[in-house]
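Okay, here's what each chain looks like letter by letter:
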Amino acid sequence: DFAASLAAPGGAFQGLIDTRQVGLVGHSVGAKTVMNVGRVSFSRNGGDPYDPRVKAGIPMAMAETTLFMNASEARLPILFWIGSKDKYRPLPDMEEIYQAMPAEQKSLMVLVDGGHDIFLDPAMAVIQPSLNRGTQDGYRAQDLINHFTTAFLLDVLKGDKEAHKALLPEAVKCAEIQCTTTWK
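The following paragraphs examine the structure supplied in this document.

On to helix α5 (residues 138-158). The periodicity of an α-helix, 3.6 residues per turn, causes residues three or four positions apart to be oriented the same way. Given a rise of 1.5 Å per residue, 21 residues ought to cover 30 Å, and the 29 Å separating the end C-alpha atoms of α5 matches this to within 8%. Those residues of α5 not exposed but buried are G138, A141, Q142, L144, I145, F148, T149, A151, F152, D155, V156 and L157. Here the buried face of α5 lies against β1 (22-27), β2 (54-60), β3 (78-83), β4 (106-111), α6 (161-166) and β5 (177-181). Just downstream of α5 lies G159, where phi reads positive at about 70°.

In structure tokens:
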């Protein structure tokens with residue numbers, strides 16, 4: 001595959017990509033892909049897009065309905081992100097999905113007053129003012145998203161103990177985030 005060729009000897013990213021330890025991040029409909037690859041089925045008709053190389057999933061502001069969602073097989077460590085003012089994915093829907101997942105390591109991070117598009121570059125609000133960003137400061141939101149997402153990936157993919165500490169409930173202390181987590 002393409003990433004493996006880049007990481008191979010002589011490749012542009014030789015030694016920098018571990019294709020056996022992959023983390024997926026997706027926003028909106030892309031978050032549905034993260035869930036599918038992480039073994040959450042959205043279909044009655046089967047089909048298994050599961051990829052064993054994927055070790056971590058980060059769905060942000062997941063779009064689509066949950067009518068056919070089956071989270072019972074999902075064991076992937078997962079970091080859900082949602083804005084409390086997301087008009088496409090109401091918070092109670094995400095809380096239901098989060099609770100249904102049997103994954104041992106999971107967190108639901110709610111950006112208080114954030115909209116569906118709070119996860120995009122804050123400069124996008126200037127270009128496209130109709131985005132559903134909510135009222136939270138976009139730059140502060142990006143700092144928080146980057147901090148906790150990086151800590152999650154370092155912990156799950158690299159076993160970084162300091163990053164792990166950043167995900168513990170007592171470490172997530174800021175007014176802009178509500179966190180529900182199983183991290184211990």
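A few words on the sheet that holds β1. Taken in spatial order, the five strands make up an open sheet running β1-β2-β3-β4-β5, and their pairing is mixed. The open sheet has two free edges, formed respectively by β1 and β5, since each of these has just one partner strand. With direction set aside, neighbouring strand axes in the sheet form an average angle of 15°. Pairing analysis gives two bridges linking β2 to β3, with the strands arranged parallel. Looking at β3, one finds that M60 is bridged to W81. Against the sheet, helix α2 (residues 29-37) contacts β1, β2 and β3, and its axis sits at roughly 145° relative to β1. Sheet contacts for helix α3 (residues 91-100): β3, β4 and β5; angle to β4, the most-contacted strand, approximately 170°.

Phi is positive for A61, close to 50°, though the residue is something other than glycine. With respect to the secondary-structure elements, A61 resides in the loop between β2 and β3. Its relative accessible area of 0% is what places A61 among the buried residues. In the Ramachandran plot, D113 falls in the positive-phi region, its phi being about 65° despite a non-glycine side chain. Here D113 is to be found in the loop between β4 and α4 (124-127).

A few words on the state of the cysteines. Within the structure shown, the criterion is met by zero disulfides. No disulfide involves C179; its sulfur sits 9.3 Å from that of C174, the nearest cysteine. Residue classification places C179 among the partly exposed residues on the basis of a relative accessible area of 28%.

The next point concerns the environment of L154. By the element assignment, L154 lies in helix α5. Note on L154: relative accessible area 34%, which makes it partly exposed. C-alpha of L154 to C-alpha of H164: the two residues are ten residues apart in sequence and 7.8 Å apart in space. L154 has contacts with G159, D160 and A163, leaving out every residue within four places of it along the chain.

Geometrically, a pair of aromatic rings is defined through the distance of the ring centres and the angle of the planes. Tallied over the entire structure, the rule returns three aromatic pairs. Between F80 and Y98 the ring centres are 6.2 Å apart and the planes differ by 75°, which places this aromatic pair in the edge-to-face class. One end of the pair, F80, is in strand β3; the other, Y98, is in helix α3, with 18 residues separating them in the sequence. Considered together, F80 and Y98 belong to a single accessibility category, that of buried residues. Geometrically, the ring pair formed by F152 and W183 is tilted, given 5.6 Å between the ring centres and 50° between the ring planes. Note that F152 is positioned in helix α5 and W183 in the segment after β5, a separation of 31 residues in sequence. Judged by relative accessible area, which is 1%, F152 ranks as buried.

Thresholds applied
Residues numbered from 1 in each chain as written. Predicted model: local features only at pLDDT ≥ 70, side-chain atom pairs only at ≥ 80, totals over all residues. Heavy atoms only, no water. Helix = DSSP H or I, 4+ residues; strand = E, 2+ residues; numbered from the N terminus. Expected span 1.5 Å × (residues − 1). Buried < 20%, exposed > 50% of the residue type's maximum accessible area, 1.4 Å probe, protein only. Contact = heavy atoms within 4.5 Å. Pairing = 2+ DSSP bridges. Axes fitted to C-alpha atoms, helices over the stretch in contact; angles between N-to-C directions. Disulfide = S-S within 2.5 Å. Phe/Tyr/Trp six-rings, centres within 6.5 Å; stacked < 30°, edge-to-face > 60°.

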